[in-house]
There are 6 protein chains.
Amino acid sequence: MTDTARKRPSGRAPDENRIVSIETGFARHAEGSALIRVGGTEVLCTATVEERVPAFLRNRGQGWITAEYGMLPRATHHRGQREAAKGKQSGRTQEIQRLIARSLRACVDLKKLGERTITLDCDVLNADGGTRCASITGAWVALAIALKKIRRSQALTAQVAAVSCGLTEAGAVLDLDYIEDSSAQADTNFVLTADGGIIEIQGTAEDKPFQETEFFELLRLAKLGTARLFDAQNHVLETA
Amino acid sequence: MTDTARKRPSGRAPDENRIVSIETGFARHAEGSALIRVGGTEVLCTATVEERVPAFLRNRGQGWITAEYGMLPRATHHRGQREAAKGKQSGRTQEIQRLIARSLRACVDLKKLGERTITLDCDVLNADGGTRCASITGAWVALAIALKKIRRSQALTAQVAAVSCGLTEAGAVLDLDYIEDSSAQADTNFVLTADGGIIEIQGTAEDKPFQETEFFELLRLAKLGTARLFDAQNHVLETA
Amino acid sequence: MTDTARKRPSGRAPDENRIVSIETGFARHAEGSALIRVGGTEVLCTATVEERVPAFLRNRGQGWITAEYGMLPRATHHRGQREAAKGKQSGRTQEIQRLIARSLRACVDLKKLGERTITLDCDVLNADGGTRCASITGAWVALAIALKKIRRSQALTAQVAAVSCGLTEAGAVLDLDYIEDSSAQADTNFVLTADGGIIEIQGTAEDKPFQETEFFELLRLAKLGTARLFDAQNHVLETA
Amino acid sequence: MTDTARKRPSGRAPDENRIVSIETGFARHAEGSALIRVGGTEVLCTATVEERVPAFLRNRGQGWITAEYGMLPRATHHRGQREAAKGKQSGRTQEIQRLIARSLRACVDLKKLGERTITLDCDVLNADGGTRCASITGAWVALAIALKKIRRSQALTAQVAAVSCGLTEAGAVLDLDYIEDSSAQADTNFVLTADGGIIEIQGTAEDKPFQETEFFELLRLAKLGTARLFDAQNHVLETA
Amino acid sequence: MTDTARKRPSGRAPDENRIVSIETGFARHAEGSALIRVGGTEVLCTATVEERVPAFLRNRGQGWITAEYGMLPRATHHRGQREAAKGKQSGRTQEIQRLIARSLRACVDLKKLGERTITLDCDVLNADGGTRCASITGAWVALAIALKKIRRSQALTAQVAAVSCGLTEAGAVLDLDYIEDSSAQADTNFVLTADGGIIEIQGTAEDKPFQETEFFELLRLAKLGTARLFDAQNHVLETA
Amino acid sequence: MTDTARKRPSGRAPDENRIVSIETGFARHAEGSALIRVGGTEVLCTATVEERVPAFLRNRGQGWITAEYGMLPRATHHRGQREAAKGKQSGRTQEIQRLIARSLRACVDLKKLGERTITLDCDVLNADGGTRCASITGAWVALAIALKKIRRSQALTAQVAAVSCGLTEAGAVLDLDYIEDSSAQADTNFVLTADGGIIEIQGTAEDKPFQETEFFELLRLAKLGTARLFDAQNHVLETA
């Protein structure tokens, strides 16, 4: 796990992100949208604003943020079964969309949002690892645009981005692509804020337990990686 | 219905198509893919080749063509419920994907295809009317690319494209956009071949019956419209 | 396709309908019902009137017509799986019931119907081809009876019947039975009105494209065929 | 409960069956079929023979009898939701089809049947109480015809019929119709054999418990009632 | 069937119940709960009181009793599939929960209950035959406790318990365990009241019909068996 | 968040676990079972061994560990809808059972297990917070017993337990109960091994981001807490 002599499959340095680009306005009807590309991963994130809240929040003077996640059947090497045809969302899909929703909810003041719901749809058009993290990073941009459009930018309390790190044959590395992800000994996802806060940490040993020091190294890489994502978000919002 | 004095909402002439563009290779993993834009409608079509056939065709020395259709939740003005979350595909979705499959099956020699299945996934990223016709026109390109890749181009027996025509306040018009589609008195879809054959005709009176002569005029427009689509298909395949 | 030397399996002439009979009142509780037999095809059509409209039409001063279609498991040569047991309606079932509903909706003035819903249930008891056309022809009778019962006959704006035609080894023929249907090169369904209007046209090439002139011949046969169906409808309504 | 001064709504005597008629051959494709009418209740019963057994019986040299039950949406006073559209069979439906299957399985020697499955489909066309009992009585006829057709009549070990009895305002009565059924204090179904055996007894107190002596009176009526059903079955089989 | 020389697998006398114990309060949050053990069968029964009634009873001044039944996947010798994972309740489960609900509803004065719903959940933790009967016997205790807690004990009109009896190789026997149940020629369930009333009788011939006299013997055994269950219920309620 | 002046609702010290007890053998049929109580939370964990592996692992000389999680409807203050009746497992349920499966899979050498599947069913009988952690801790005991029974103890590579920690009004605290859990500012779950390894870390900010130092304090508490759980596991296994 610590044999750092090995190279990463992509040739990237251990602390090197993939190339990131974000394009806004792709979804013409949505209040906010961001098409984010992180290496070979491409996710279309849209923010929909609706003037209603779920039943459990009615008449409480606050709004709600929710999320849905999907993957086009041929976003991957082998075609996956369409969830709409199968008649249900997989456990993986539900786990991911719950994570996206929690992450974005943590950076919005729901009182200031008012009695409205923002739904973040993240649909993966091409997949090459890290789709949940790209979804969060892109959804934050779509959300910021939508809040600006409805003049509720002050409800946005933090800037949020996410990155995965892992323990691979090349040691602790930043921003895993599909090849690395599928053989990593540990896989961690970090959802962080621009001012150094933690929104979500998910670390999973695939095969055998990992150590505290390894975990700290992964956290260090995540902070490096998200810093670059915050730059990309800022850049696109300034120019949009 | 014959008041041709009225203009079309888009200002187009009655026999004028919307601008069409087709981009190949957008879906990096698929054997063939085409991102087709027809005005404000945008559909990602992928062709997946798998070396197996459905049970009812096993050991009969022939292949199969099937199709699935989906729409991203926010492809439309108002967000639609995600079919994967709802747990089933609507009747409309099933009707459309059956139409796409039949249309493409009619231009493939299944014996020459051999014992393999090609699945055409058509996912609407932005919707402005005519999504089923754009799906067929784009899917044909994805199919042609995939057949070339597996060296089975000779299994392709015809060039296929589709267009909708309708009776609107501006009379009989070609290539309806969403505004026209939602108020048309009659809505027809034509799936035609480049050599003048008919693969599918679907004509529906929305409100009150239409006349035979009106129907013939719509068929005439469809032939004009598909001629331009065949050009667009040929152009992208030659340059791909 | 034009080899008219071949005989039809049933021995019928190319422009000869099957024997039609319609019996009303079979379903004792329904506001209107028609048990229609077209050759070996037998469909029980019922019209149910309910004093409510779907949510999307509430308080708009108009009614609604909808339809459902089903087939008893052993209506066919081989027993089909019961859709209620399978837990969902097939794409074919949904496509057919949407067609029935559109066809009958086009002959009713929904304002004159008032704020009520009429549901047309078409259940196939015995199947020998042409079940969707028999359903439409029979449902129109059930609808007419139900409208008379609630004193809204003036809401019925047209007389509607449907027939299938196709290109077979015996050439263009009228009113396909199961044997012809399963081997036809093209299969078309026409929903027409007694005064010469077109409500729905669906033409499908099974194997290879068909030609415009062939299509016009099928349309000519359909007009002949529906004329006889209108007679049968009139006869049963006059004697009911 | 014993106030026999009150008349039954139908005017029938307490021990009087409704009029029964059975017609065979209605379902043209089935190996056996019986359209049974018991007063206003009408059920189409078909028997389908298939040369295979469920997985749990494979290679055990015996057959299987199963059943499915359905009701057309407008068989009743108020239209019921179509179970195929709802996406599942109700608890009531499942309870009934399990009862039908058990009842018919008890009169067949599964070894003598050989490795084949007979499916009994009972579809209610018109409902006026007692649909599960009519289904069993009719299904037995369809089964007998199908067994004769495949030359396995010797596998039929008993003659089976069913009738409901209940405690009503007119006292203990035989063969409840819908009005009686919906207000009975106790409702019992008896599945009996022609030689005096019991296959199934189901007795339910609706409101308050009933007494042993009342139950014995209901059993006595059931034996009277089924005797007449056995006659009707024999009559139709002899003349078929 | 009458060969009484054979012993029961458990060594019990034909008219001997299994050991019964009932423990209350196991479910800490429920208004009433009973963990009932009948030999190797163990069921956790809870009663939940909610201040609302189903839509069809609204504003009619009465309450409702309903029930749900489940079995932990490994309550049995071989693990059964979890119904929540399978996505539906089996026909057997629905049949049982309908029986439990009917049985308990028959001993409650729904007017005196007032506009509230009591849901009886019966979850089988360990199964060794007779789970539906144990559920009813335990649910009655949970119900009595819950009614006492909401001061509606007067709504309880009868004491209810259930036991299964059957015809086995040891003759007619009381309170079948799993081994007996799976090979019995007839299986009957009796739901009786302490004052001699009958709430539900279900008798099923597994293989071949049984006789009236056999049935009467089973009923006699059931009365013996439930008498002991009433004692156990009384004991726990007095000491609770 | 660091106002440690406030007391915990239970009066426990910040680093104080709830009382833990584990009882084995409760599920009589399972290869291994543990009924674990952590304060008011009670989970029945069973391990089922089956001599087969999922399709994707066939003929690869290794086994599989999977898990399912459920909660009895009245395990909670308010009755929850039964997932089997609702027809699907919630996203929360799926997320939890995926966590349990991953956690236990990480402590088993699947090669040494051989071609068999062990399913861990965790059913919550009473809930008072921390049900997923109690499930993991109990499932490890059930797993250890089952492995011993099939003489594969050497496949168990680590001892695993889980505990939740959180940031509450009483500061960083160990082993949250329901009251604390529902108002915590951050909620973290740690799955750790007895030799200091990390199997899974899940940390979630509920309302606003938390800080790295806070996270380290929670990790410190988790190590304390799991040490006591390892003792409880060892104790029950030694005495079993």
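First, a word on what this report is: a plain description of the structure on this page. (Residues numbered from 1 in each chain as written. Chains lettered and ligands numbered in written order. Predicted model: local features only at pLDDT ≥ 70, side-chain atom pairs only at ≥ 80, totals over all residues. Heavy atoms only, no water.)

1. Things to note about the overall build of chain A
A count of helices and strands for chain A gives six helices and nine strands. Taking the principal axes of its C-alpha atoms as reference, chain A extends roughly 55 × 40 × 35 Å. In chain A, which comprises 240 residues, the proportion classed as buried is 61%. When the accessible area of chain A is evaluated, it comes to approximately 9,200 Å², of which 48% is carbon and sulfur surface. In chain A, 31 positive and 31 negative side-chain charges are present, and the distance between their average locations comes to 6 Å. (Helix = DSSP H or I, 4+ residues; strand = E, 2+ residues; numbered from the N terminus. Buried < 20%, exposed > 50% of the residue type's maximum accessible area, 1.4 Å probe, protein only. Areas by Shrake-Rupley, 256 points an atom, 1.4 Å probe, with all protein chains shown as cover. Lys, Arg positive; Asp, Glu negative; His and termini not counted. Charge placed at Lys NZ, Arg CZ, Asp CG, Glu CD.)

2. Notes on the nonpolar core
Nonpolar side chains in soluble globular proteins tend to be buried together. Counting 59 residues, the largest nonpolar core has Ile65, Leu104, Ile118, Leu120 and Leu143 of chain A as the members making the most contacts within it. With sequence-adjacent residues up to four places away left out, Ile65 of chain A is seen in contact with Ala101, Leu104, Arg105, Val108, Leu110, Leu113, Ile118, Leu120 and Leu143 of chain A. (Core = buried A, V, L, I, M, F, W, Y, C linked by side-chain atoms within 4.5 Å. Contact = heavy atoms within 4.5 Å.)

3. Some points on the sheet that holds strand S3 (residues 41-50) of chain F
Strands pair in a sheet through their backbones, by hydrogen bonds, and they do so in one of two ways: parallel or antiparallel. All names here are of chain F. If you walk across this open sheet you meet the five strands as S1-S2-S3-S5-S4, and the pairing is mixed. With partners counted over all chains shown, the strands left at the sheet margins are strand S1 (20-24) and strand S4 (64-71), one partner each. Taking the axes of each pair of neighbouring strands and ignoring which way they run, one obtains an average angle of 20° across the sheet. Bridging between S4 and strand S5 (residues 117-126) involves eight bridges; their strand directions are parallel. Note on S5: the bridge partner recorded for Thr66 is Thr119. Against the sheet, helix H2 (residues 91-105) touches S4 and S5, its axis set at about 145° to S4. (Pairing = 2+ DSSP bridges. Axes fitted to C-alpha atoms, helices over the stretch in contact; angles between N-to-C directions.)

4. Section: the pairing of strand S2 (residues 32-38) of chain D
Residues and elements named next belong to chain D. Burial analysis of S2 places six of its seven residues in the buried class, the great majority of the element. Bridge count between S2 and strand S3 (residues 41-50): seven bridges; the pairing is antiparallel. Each bridged residue has a counterpart across the sheet, and for Gly32 the counterpart in S3 is Ala47. The antiparallel hairpin formed by S2 and S3 contains two residues in its connecting segment, where Gly39 sits at a positive phi of about 60°.

5. A word on the relation of the copies chain C and chain D
Note on the copies: chain C fits chain D at an RMSD of 0.0 Å, the axial shift is 0.0 Å, and the rotation between them is 180°. The transformation relating the two chain copies, once decomposed into turn and shift, fits a two-fold axis. Both copies contact each other with a shared surface, as 100% of the interface residues of chain C are interface residues in chain D too. (Least-squares fit on C-alpha atoms with pLDDT ≥ 70 in both.)

6. Description of the packing of aromatic side chains
Applying the stated rule across the entire model yields 30 aromatic pairs over all chains. Both rings, one in Phe190 of chain B and one in Phe215 of chain B, keep their centres 6.0 Å apart while their planes meet at 35°; by these two values the pair is tilted. With Phe190 of chain B in strand S8 (residues 186-193) and Phe215 of chain B in helix H6 (residues 212-239), this residue pair connects regions lying 25 residues apart in the sequence. With respect to class, Phe190 of chain B is no different from Phe215 of chain B; both count as buried. An aromatic cluster is defined as three or more aromatic residues linked by ring pairs; in this entry it consists of Phe190, Phe210, Phe215 and Phe216 of chain A together with Phe190, Phe210, Phe215 and Phe216 of chain F. (Phe/Tyr/Trp six-rings, centres within 6.5 Å; stacked < 30°, edge-to-face > 60°.)

7. A look at the interface of chain C and chain D
Across the contact, 37 residues belong to chain C and 38 residues belong to chain D. With both sides pooled, the region where chain C packs onto chain D buries about 3,000 Å², and carbon together with sulfur makes up 47% of that total. Seen at the junction of chain C and chain D, the total is 14 salt bridges. The residue Asp121 of chain D makes a salt bridge to Arg82 of chain C at a minimum N-O spacing of 2.7 Å. Between the two partners, chain C and chain D, sit 28 residue pairs in polar contact (both at pLDDT 80 or more). Those elements that place two or more of their residues in the side of chain C that touches chain D are strand S3 (41-50), strand S4 (64-71), helix H1 (83-86) and strand S5 (117-126) of chain C. (Buried area = accessible area lost by both parts, 1.4 Å probe. Salt bridge = Lys/Arg side-chain N within 4 Å of Asp/Glu carboxyl O. Polar contact = N/O pair within 3.5 Å; in protein donor to acceptor, adjacent residues only side chain to side chain.)

8. Focus: the sheet that holds strand S1 (residues 20-24) of chain D
All names here are of chain D. In spatial order, the strands read S1-S2-S3-S5-S4; together these five strands make up an open sheet with mixed pairing. Two strands lie at the open edges of the sheet, namely S1 and strand S4 (64-71), each paired on one side alone. Each neighbouring strand pair of the sheet contributes to a mean axis angle of 20°, computed without reference to strand direction. Packing against the sheet, helix H4 (residues 131-149) makes contact with S1, S2, S3, S4 and strand S5 (117-126), and its axis sits at approximately 35° to S3.

9. Some points on the side chain of Glu200 of chain A
Structurally, Glu200 of chain A is set in strand S9 (residues 198-205). Looking at Glu200 of chain A, the relative accessible area reads 2%, which means it is buried. Engagement of the side chain of Glu200 of chain A in a polar contact is seen with the side chain of Arg102 of chain A, the distance being 2.7 Å. Here Glu200 of chain A is in contact with Leu99, Arg102, Ser103, Asn189, Phe190 and Val191 of chain A together with Gly203 and Thr204 of chain F, once residues within four sequence places are set aside.

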